[in-house]
Amino acid sequence: MTSESVRSYARHHASEYRRQLEELLRIPSISTLPEHAEDCERAARWLADRMTAAGLENVEVVRGRGRPLVYADWLHAEGAPTVLVYGHYDVQPVDPPELWISPPFEPEVRDGFIYARGSVDDKGQVMTMVAAADAYLQMEGRLPINVRFLIEGEEESGGEHIKRFLQTDLDRLKADFAHVADSSFFDSATPSIDTGLRGIVYAEIRVRGADHDLHSGEYGGVAPNPFISLARVIAQLRDEHGVVMIPGFYDEVKPPPETVLEDWRSLGVTEEKVARDLHVRRLIGDSDRSVLERQWALPTLDVHGMPGGFTAEGAKTVIPALASAKVSMRIVPDQTADGVWRLFEQAVRRMAPDDVEVTVKLIHGDDPVLVPEKTPEIRAAAAAVREVYGKEPVLIRTGGSIPVVGLFQERLGIPTVLLGFGLPGSNLHAPNERFSVEQFERGIETNALFWGLAATRKFRG
Ligand code: BES
Ligand code: ZN
């Protein structure tokens, strides 16, 4: 079977593929920070060069408003289906930098993990796909399936560019299904395929008191304090259990079928175990619902930071003129980003004290998505996982968001296979992000095998 020789080629070239990944990891392509725009450009060009060297065709760094996309294809597998391969080369900011054991953009392997920002989210996973294509093209001179790569550079910051591309470049997106590697296994002993992602509504609340900062000795006791007003608003958004108190927030939430909840219960996650893993005293949320249901199928609200005022070392006695908070809500079927944003905006307005001016701004919003589970592609992916890992993958959901997946479904009308190779404890978005070297290598093999199987009659017929 040809995929056997391709897998063996990939195994033999694993250290070369890892070296390539390390090169990409050295580029600090943080999409949300304007000062890293040039780095995003460099990462896009690096990927385009690597894809060209692999033998992919029509490679293009697609520039437009926002960070560039990278497109490439190989469309000579006559009669075979076409897969749209998606991942992102942009990464999250690194703060706080002092908590990194090795610098975020100087990849280092320790205990079988590559440590670097973007190692698992998502450069390492993107490279499992590029390497799979490379292995086929070097070994066989061809791919078993038609492939279009679309790698974006602003997944972590709203993804405006790819949303426009999905409206204007439909010709380059013709495919039978999408393959997204940007998620994680349930755990290292339990391979999994995701069937759902939460959506998100990301907002900013701004509170203005006086029109300039005031001396707190002079005006303390008479001038309103925007931070205290903001804290009051925030404190009303969730109750002491962590249940969201925005009126109507849960109205559209559709619980998963009882059989699915039962499957999740059999995964053996307990409150105590998760609390221990996270080193927290106890978990929050509705304790009548399982931990996994709370993570995957219920909506949430979190505060990410409260910019403003004085936060440097030492003391400064000021009543700041402005206070703000970054707040996001993860949303689930059948909630919509538009609907939740409206509820949030109304609720904050109602909660706002009248001694300050409170405004809310939407930063970005994306709907939740469930992917169809009984497609030939999911069966092919499951067979590939079974072959490489010797275990049947479980079907799970994830609490994170990958905005473009809903659009693949809605605009392109194609299903998505969410097959990611991260592991719990990978420190996504946090210091010391890491990707298991073994998962990187097995990921390449699994992708190669998956594409081969997805092209065969057995799975298409
Ligand atoms: N790779 C993550 C999504 C993810 C997280 C999948 C955890 C599985 C488990 C993705 O890159 C991500 O972080 N997305 C952002 C999107 C947001 C900024 C629109 C997220 O979920 O915060
Ligand atoms: Zn990601």
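Everything that follows concerns the structure shown earlier in this document.
Residues numbered from 1 in each chain as written. Chains lettered and ligands numbered in written order. Predicted model: local features only at pLDDT ≥ 70, side-chain atom pairs only at ≥ 80, totals over all residues. Heavy atoms only, no water.

Engineer: Would you mind showing me how to read the site of ligand 1 here?
Structural biologist: Around ligand 1, 16 residues are found, and the nearest of them are E155, D182, R330, S401 and H429. Between ligand 1 and H88 there is a distance of 3.0 Å, counted from an oxygen atom to a side-chain nitrogen or oxygen. At 2.7 Å, a side-chain N or O of E155 approaches an oxygen atom of ligand 1. Looking at the shell around ligand 1 residue by residue, the class counts come to four nonpolar, seven polar and five charged. (Near = heavy atom within 4 Å. Polar contact = N/O pair within 3.5 Å; in protein donor to acceptor, adjacent residues only side chain to side chain. Nonpolar A, V, L, I, M, F, W, Y, C, P; charged D, E, K, R; others polar.)

Engineer: For this particular structure, what's the right way to read the nonpolar core?
Structural biologist: Nonpolar side chains in soluble globular proteins generally cluster together in the buried interior. Among the nonpolar cores identified, the biggest contains 72 residues, and L47, L56, L143, F149, F450 and W451 are the most heavily contacted of them. With eleven residues, the single largest contributor to this core is helix α4 (residues 119-140). Discounting residues that sit within four places of it in the chain, L47 has contacts with L24, V70, Y89, V126, M127, V130 and I151. Of all hydrophobic cores here, the second largest spans 28 residues; its members include V201, A323, A325 and M351. (Core = buried A, V, L, I, M, F, W, Y, C linked by side-chain atoms within 4.5 Å. Buried < 20%, exposed > 50% of the residue type's maximum accessible area, 1.4 Å probe, protein only. Helix = DSSP H or I, 4+ residues; strand = E, 2+ residues; numbered from the N terminus. Contact = heavy atoms within 4.5 Å.)

Engineer: How should the pairing of strand β2 (residues 69-74) be read in this particular structure?
Structural biologist: Burial runs high along β2: six of the six residues are buried. Two elements, strand β1 (residues 57-62) and β2, share four bridges in a ladder whose sense is antiparallel. Residue pairing for β2: E60 is matched across the bridge by Y71. Linkage of β1 to β2, two consecutive antiparallel strands, is achieved through a turn of six residues, within which G66 is found at a positive phi near 95°. Bridge count for β2 against strand β6 (residues 146-152) is five bridges, and the pairing is antiparallel. (Pairing = 2+ DSSP bridges.)

Engineer: Mind showing me how you'd approach the pattern of salt bridges here?
Structural biologist: Where charged atoms from two side chains of opposite charge come close, those side chains can pair. Under the definition given, this model contains 31 salt bridges. One salt bridge in this structure joins R11 and E445, with 2.8 Å as the shortest N-O distance. Here R11 is found in helix α1 (residues 2-12), whereas its partner E445 is found in helix α14 (residues 437-454), with 434 residues between them in sequence. Given a relative accessible area of 7%, E445 falls into the buried group. (Salt bridge = Lys/Arg side-chain N within 4 Å of Asp/Glu carboxyl O.)

Engineer: What exactly am I supposed to notice about the sheet that holds strand β14 (residues 357-366) here?
Structural biologist: For sheets, the rule is that strands pair by backbone hydrogen bonds, running either parallel or antiparallel. On the basis of which strands lie adjacent, the open sheet formed by four strands has the order β11-β13-β9-β14 and antiparallel pairing. The outermost strands of the open sheet, each flanked by one partner alone, are β11 (300-305) and β14. Geometrically, the sheet is characterised by an average inter-axis angle of 25° between neighbouring strands, direction not taken into account. With nine bridges joining them, strand β9 (residues 199-208) and β14 adopt antiparallel strand pairing. From the neighbouring strand, V201 faces β14, where its bridge partner is G365. Helix-sheet contacts for helix α7 (residues 226-237) involve β9, β11 and β13 (322-331), and the interaxial angle to β13 is about 15°. Lying on the sheet, helix α11 (residues 337-351) is in contact with β9, β11, β13 and β14; it crosses β14 at an angle near 170°. (Axes fitted to C-alpha atoms, helices over the stretch in contact; angles between N-to-C directions.)

Engineer: Just checking my understanding: could you explain the coordination of the zinc ion (ligand 2) for this structure?
Structural biologist: Around the zinc ion (ligand 2), the donor atoms from the protein are H88 (NE2), D121 (OD), D182 (OD) and D182 (OD), and they sit 1.8 to 2.6 Å away. Of note is the zinc ion (ligand 2), whose six donor atoms meet at the metal with angles of 53 to 163° in an arrangement that counts as irregular. Sequence spacing of the donor residues for the zinc ion (ligand 2), all on one chain, is H-x32-D-x60-D. On the criterion of sequence distance, the pair formed by H88 in strand β3 (residues 82-88) and D121 in helix α4 is long-range, its members being 33 residues apart. In this structure H88 comes out as buried when scored by relative accessible area, which is 0%. (Donors = N, O, S within 2.8 Å, 3.2 Å for Na, K, Ca; no water. Tetrahedral: all angles 85-135°; square planar, octahedral: opposite > 155°, others 65-115°.)

Engineer: Looking at this structure, I do not really get the packing of α4 against α14. What am I missing?
Structural biologist: Two measures define how a pair of helices packs: the angle their axes make with one another and the distance between the axes. Packing of α4 against α14 leaves a shortest axis separation of 8 Å and a crossing angle of 55°. Regarding the angle of α4 to α14, the classification is oblique. Seen along the crossing, α4 lies across α14 with a hand that is right-handed. Here G124, M127, T128, M129, A131, A132, A133 and Y136 of α4 lie close against α14, whose contacting residues are F440, G443, I444, N447, A448, W451 and G452. Residues that form the contact of α4 with α14 fall into these classes: ten nonpolar, five polar and no charged. (Parallel < 35°, antiparallel > 145°, perpendicular 65-115°, else oblique. Left-handed = near helix turned anticlockwise from the far one by under 90°.)

Engineer: Is there a simple way to think about the environment of S102 in this case?
Structural biologist: Residue position: S102 is located in the loop between β3 and β4 (108-110). With 13 residues separating them along the chain, S102 and Y115 place their C-alpha atoms 7.5 Å apart. Apart from residues lying up to four places away in sequence, S102 is in contact with E108, R110, Y115 and N432. A distance of 2.9 Å separates polar atoms of two side chains, one belonging to S102 and the other to R110.

Engineer: What is the right way to read unusual backbone geometry from this model?
Structural biologist: For residues that are not glycine, phi is negative in most cases, and the peptide bond is trans in most cases. Going from D95 to P96, the amide bond is cis rather than trans, its omega being 0°. Along the chain, the position of P96 falls in the loop between β3 and β4. D122 follows D121 through a cis peptide bond whose omega is 10°. Looking at where D122 falls in the secondary structure, it is placed in helix α4. Backbone geometry places H279, a non-glycine residue, at a positive phi of 55°. Turning to its location among the elements, H279 is positioned in the loop between α9 (271-278) and α10 (291-296). Residue classification places H279 among the exposed residues on the basis of a relative accessible area of 74%. One non-glycine residue, H429, lies in the positive phi region at around 65°. Within the secondary structure layout, H429 lies in the loop between β17 (416-418) and β18 (434-436).

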